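Coordinate analysis (summary)
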Amino acid sequence: MQKAGAGNMIDYLQQHASDYNEELIKNIIYKVLQSLKQLHCAGFIHKDVKPDNILFNNFSTNSSIFLGDFGSSIMK
């Protein structure tokens, strides 16, 4: 398990408030969807995707994204 030390999506977006653009948001959404695809391929459904559960490795614009809080997840 990796540590996502920078915080969640709310923290990340506050840090990049002046950088909002279509490319940044598209990159975040793409990474979240890729994470969900990997989970679904492994047989899991997250069931609690929200900004608090989208975690960032660092605050750079190309940071790794992780999903957290699998308490309500289920296996397909």
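The following paragraphs examine the structure supplied in this document. What you are looking at is a predicted structure, and each value in this text was computed from that prediction instead of being measured. (Residues numbered from 1 in each chain as written. Predicted model: local features only at pLDDT ≥ 70, side-chain atom pairs only at ≥ 80, totals over all residues. Heavy atoms only, no water.)

Per the counting criterion, the structure on display carries 2 salt bridges. For Glu23, the salt bridge is made with Lys26, and the minimal N-O distance between the two is 3.2 Å. Of the two residues, Glu23 and Lys26 both sit in helix H2 (residues 22-41), 3 residues apart, roughly one turn of that helix. Relative accessible area serves as the criterion here: at 52%, Glu23 is assigned to the exposed category. The class of Lys26 is partly exposed, set by a relative accessible area of 46%. Residue Lys50 pairs with Asp48 through a salt bridge whose shortest N-O separation is 4.0 Å. For Lys50, a relative accessible area of 34% corresponds to the partly exposed category. (Salt bridge = Lys/Arg side-chain N within 4 Å of Asp/Glu carboxyl O. Helix = DSSP H or I, 4+ residues; strand = E, 2+ residues; numbered from the N terminus. Buried < 20%, exposed > 50% of the residue type's maximum accessible area, 1.4 Å probe, protein only.)

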